[in-house]
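Listed below, chain by chain, are the residues.
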Amino acid sequence: MEQFQGRDSTPRAGSIDKSRVLEIKPLRCLVPIFPSQPNFTSFNTPQGAAPFVCSSPSGPFPPGATSFFPFFGAPGSQGTSGHNPQTTPGQTPPFPFNTPVSDAVPITSFRASSPPRAGATSYHHSRAANGDTTSSGRVTRRSAKSQLQDGVAGEAGNGNAEGERTRFRKKGSMDPEVDDILTSFNIIEFNSARQNDGDKDSVEYVLLIFDLLRRKIAQIEDSKVSSPGVIKRPDLRAGTFLMTKNIRTNATKRMGSVPGVEVGDIFFFRFELCLVGLHSPSMAGIDYLRVNLQEEPVAVSVVSSGGYEDDVEDGNVLIYSGQGGNLNIDQKLERGNLALKNGLDRGNEVRVIRGVKDLASLGKVYVYDGLYKVEESWVEKGRSGCNVFKFKLIRLRGQPEAFTTWKLIQQWKDGISSRIGVILPDLTSGAESLPVSLVNEVDNEKGPEYFTYFSTIKYSKEANSADSSSGCACAGGCLPGNLNCYCIQKNGGYLPYVANGVVANAGQLIYECGPSCLCPPNCKNRVSQGGLKVRFEVFKTKDKGWGLRSWDPIRGGAYICEYAGEAIDNSKVEALHSDMDDYLFDATRSCPPILPSDSNEAPKLPFPLAISAKNIGNVARFMNHSCSPNVIWQPVLRTNNRESDLHVAFHAVRHIPPMTELTYDYGMVPPEEMGRQKKLCLCGSSKCRGFFH
DNA sequence: TTCCTTCAGAGGTAT
DNA sequence: ACCTCTGAAGGAAGC
């Protein structure tokens, strides 16, 4: 068997499969480009090597919206009878009268026999129910008082405004600036086959484009003067745009698993679930399918997100509350509730997406927890005394762990249970604000070679004293839209980050505030200076030596860490390559674009920086190579124009679930080095280049 | 075609 | 943490 040669393993002599290497096709080579348009700024490297050139953007787009490394290459109704065909002797009957709920009632007695639209009519008086259909079982998000106000005055008061909005609001209409951004994305059109049935590539592409758009729009919106009451929803803007362009996949509703979506995948917006075909309603919690008009609807997926009083204590069981109803109205056996009931009768698989609080952002993470089956259903009285449907879903066996892993990690954090295989609880010895565990669950190796933990890059030359003339003067922190801020100017008029330390533009040089700026350490433009944000562990992989992963979920674009180590003179880089320094970071190596490209190759313009983490380094030295990485690096210059303020920051390419190994592309080997010894790469990706240095 | 529903998400305010 | 506000897809009803 071939072995994957990772950073922590040495290549075996003769281990390279020559036939495989020979078959490698020429690769498109897109490299970091720092826009060389008007408004140049440049500086020379200390070694006098080719300068890298940066520019403020010109034209209508902020930097990064145009072709850019590494993302933009170019730019039968049996369900209601009560008979359960799945039931065999000894199994739980479909309508459990022995449910522990004291006032349980057979669910079929609530079958809606009302004429068409009866349900709608009954809801109608509370159109105010937007987000506040406070069902008897649902956790209220709005008070009963405000509901009452809505009921009395809301309709009349809003009637006019509602009409105006409907009349003048064009779907998908946006301001010109955002329109320009959207059209500047050179998006690959999806044919109808790809729209209807997806695969891994399609799913990844859709999610990537969604998030890039969303971040871009957020950056622009953030920079505008905020008018009170105006709510910015970059997620909806990006999502509707993709919907209208048909950049979506698995649009054909289906039962069971969804091609290209794996159990454990995470999402940060409901729209993402919709775009990849996992759960199509933009807000509702139950999705269902009607094979034809004669058929009853059957549930295909549910989102358990905290809106109702679900019971989520057991990782393999979900007690899900039905939809509809409110403080004064019973839930009805229609729509989603009926669909779940039919799912029970038929024994259908139901996808379950669990919403989990994201402590990093106070938002929500959606975890795809795989397939469940509805095992029981009943009706109980909610707090207000109205009927609420309950559905007991049981997770199918044999699926990868997902939500249970989240629960386990929480237990590790809370100290309720301890992580197995821990060698060192904190290999940084307190150098970082969060501990980094060293874990081996694979073999007996006691740890990587000795090194000194150091949290940032170390230059051999002493830094010059801070030059206050080149910093910003934002005493309260840099605010988006403040065009007087020196650092925002350097970034083309925008703050390079949006919420949660997420970069707006992937693969672009970032100007952060530096030592000479007057803004405080918690300035939003100092993301890479705030230390580690997620709980890492260094772990022994099966075949790649040591690797790095996180206990926390990581958003696409979020800052992960920098590459710490000793900055290497250009003149010595070659020697280190020859020495096969496993911990050499070489920014002159280009990486292929993350998105497929049909553009001409861009000229190579390397970033003049190399770092060795052989002797000193941080968690980044443990990240292994992959040709389909989930992490990319981008250069960060802490405003001062001194070479000692150059850093390399790693950001997530896409959302990364907990306990997923973090990998980045070590870069492509220049043609003149093709003959040199390489490490065989078996990252398993369809895009695998076969080897790396 | 229009109406209606719906386990969002942001942002402000009070604590 | 609570409250308020605008939202968009798609089902269901209406024409």
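Computed from a predicted model, the values in this text were never measured in an experiment. (Residues numbered from 1 in each chain as written. Chains lettered and ligands numbered in written order. Predicted model: local features only at pLDDT ≥ 70, side-chain atom pairs only at ≥ 80, totals over all residues. Heavy atoms only, no water.)

Chemist: Got a sec to walk through the overall build of chain A? Specific residues and values, please.
Modeler: Looking only at helices and strands, chain A has 12 helices and 29 strands in total. Taking all 693 residues of chain A together, the buried fraction comes to 55%. Entry remark: accessible area of chain A is about 31000 Å², with carbon and sulfur atoms responsible for 52%. (Helix = DSSP H or I, 4+ residues; strand = E, 2+ residues; numbered from the N terminus. Buried < 20%, exposed > 50% of the residue type's maximum accessible area, 1.4 Å probe, protein only. Areas by Shrake-Rupley, 256 points an atom, 1.4 Å probe, with all protein chains shown as cover.)

Chemist: I'd like to hear about the packing of helix α6 (residues 200–223) against helix α7 (residues 234–244), residue by residue, with values.
Modeler: Two numbers describe how α6 lies on α7: the axes approach to 8 Å, and their chain directions differ by 135 degrees. Taken together, the axes of α6 and α7 lie oblique to each other. Crossing of α6 over α7 shows right-handed handedness. The segment α6 lies against α7, with V206, I209, F210, L213, R214, I217, A218 and E221 engaging P234, D235, R237, A238, G239, F241 and L242. (Axes fitted to C-alpha atoms, helices over the stretch in contact; angles between N-to-C directions. Parallel < 35°, antiparallel > 145°, perpendicular 65-115°, else oblique. Left-handed = near helix turned anticlockwise from the far one by under 90°. Contact = heavy atoms within 4.5 Å.)

Chemist: Account for unusual backbone geometry, naming residues and giving values.
Modeler: The phi angle at N246 is positive, at roughly 60 degrees, despite the residue not being glycine. With respect to the secondary-structure elements, N246 resides in the loop between α7 and β3 (266–267). The residue M659 is not glycine, and still its phi comes out positive at about 65 degrees.

Chemist: With reference to specific residues and values, describe the sheet that holds strand β21 (residues 584–586).
Modeler: The strand order across the open sheet built from four strands is β13-β20-β22-β21, with neighbouring strands paired in mixed fashion. Either end of the sheet is taken by a strand with one partner, and the two such strands are β13 (457–458) and β21. Pairing of strand β20 (residues 565–567) with strand β22 (residues 610–612) involves two bridges; the strand directions are antiparallel. Directly across from A567, in β22, lies its bridge partner I611. (Pairing = 2+ DSSP bridges.)

Chemist: Would you mind going over the packing of aromatic side chains in detail, with residue names and values included?
Modeler: Aromatic rings considered in pairs are described by the distance between their centres and by the relative angle of their planes. Within this structure, the stated rule accounts for 13 aromatic pairs. Here Y563 and F650 contribute two aromatic rings whose centre-to-centre distance is 6.2 Å and whose plane-to-plane angle is 50 degrees, an arrangement assigned as tilted. Placement of Y563 in the loop between β19 (559–562) and β20 and of F650 in strand β26 (residues 646–652) is noted, with a sequence separation of 87 residues between them. As far as the burial class goes, Y563 and F650 line up, both buried. Among the aromatic residues, ring-to-ring pairing joins Y563, F585, W633, F650, Y664 and Y666 into one connected group. Seen from the ring of F454, K458 lies directly overhead, with NZ or CZ sitting 5.6 Å from the centre. Here the guanidinium or amino end of R549 rests over the ring plane of F539, the centre of that ring lying 3.7 Å away. (Phe/Tyr/Trp six-rings, centres within 6.5 Å; stacked < 30°, edge-to-face > 60°. Lys NZ or Arg CZ within 6 Å of the ring centre and 35° of its normal.)

Chemist: Talk me through the side chain of R270; I want residue IDs and the actual numbers.
Modeler: As for its placement among the helices and strands, R270 is situated in helix α8 (residues 270–275). Contact partners of R270, with chain neighbours within four places excluded, come to H279, P281, S282, M283, A284, G285, V303 and Y366.

Chemist: Which residues make up the sheet that holds strand β18 (residues 546–550), and what values go with them?
Modeler: Spatial strand order, β10-β11-β17-β18: four strands in an open sheet with mixed pairing. In this open sheet, the two strands that pair with only one neighbour each are β10 (422–424) and β18. Pairwise comparison of adjacent strand axes, ignoring direction, gives a mean angle of 35 degrees for this sheet.

Chemist: A description of the domain arrangement of chain A should follow, citing residues and the corresponding values.
Modeler: By the assigned domains, chain A splits into domain 1 (175–223 + 231–252), domain 2 (278–417) and domain 3 (428–461 + 469–673). Once you take the C-alpha centre of each, domain 1 and domain 3 turn out to be 27 Å apart. Counting residues at the interface gives 15 residues for domain 1 and 19 residues for domain 3. Carbon and sulfur atoms supply 59% of the area buried between domain 1 and domain 3, which totals about 1400 Å² over both sides. Summed over the three residues of domain 1 that lose the most area to domain 3, namely L208, R215 and Q219, the buried surface amounts to 42% of that side. In this assembly, domain 1 and domain 3 are joined by one salt bridge. For R654, the salt bridge is made with E204, and the minimal N-O distance between the two is 4.0 Å. (Domains from an automatic or database assignment. Buried area = accessible area lost by both parts, 1.4 Å probe. Salt bridge = Lys/Arg side-chain N within 4 Å of Asp/Glu carboxyl O.)

Chemist: Could you give an account of the layout of surface pockets, with specific residues and numbers?
Modeler: Sizing a probe to match a water molecule and rolling it over the atoms shows the empty space that remains. Of the pockets and cavities examined, the second largest pocket occupies roughly 1100 Å³. In terms of lining residues, the second largest pocket is bounded by 46 residues, among which K200, E262, D265, P657 and T660 are the most central. The biggest single contributor to the lining of the second largest pocket is α6, with seven residues. Looking at the lining of the second largest pocket, its residues break down into 21 nonpolar, 13 polar and 12 charged. (1 Å grid on protein atoms, 1.4 Å probe; cavity = no way out; pocket = protein on both sides within 12 Å on 5 of 7 lines; lining within 4 Å. Points joined across faces, edges and corners; volume = space filled by probe spheres on them. Nonpolar A, V, L, I, M, F, W, Y, C, P; charged D, E, K, R; others polar.)

Chemist: So what's going on with the UniProt feature "domain: Pre-SET" (unreviewed entry) in chain A? Residues and values would help.
Modeler: Within this structure's numbering, the places UniProt gives as "domain: Pre-SET" (unreviewed entry) are residues 470–531. Secondary structure content for residues 470–531 is 8% helix and 11% strand, and the end C-alpha separation is 24 Å. (UniProt positions renumbered as here; feature names shortened; annotations may be inferred.)

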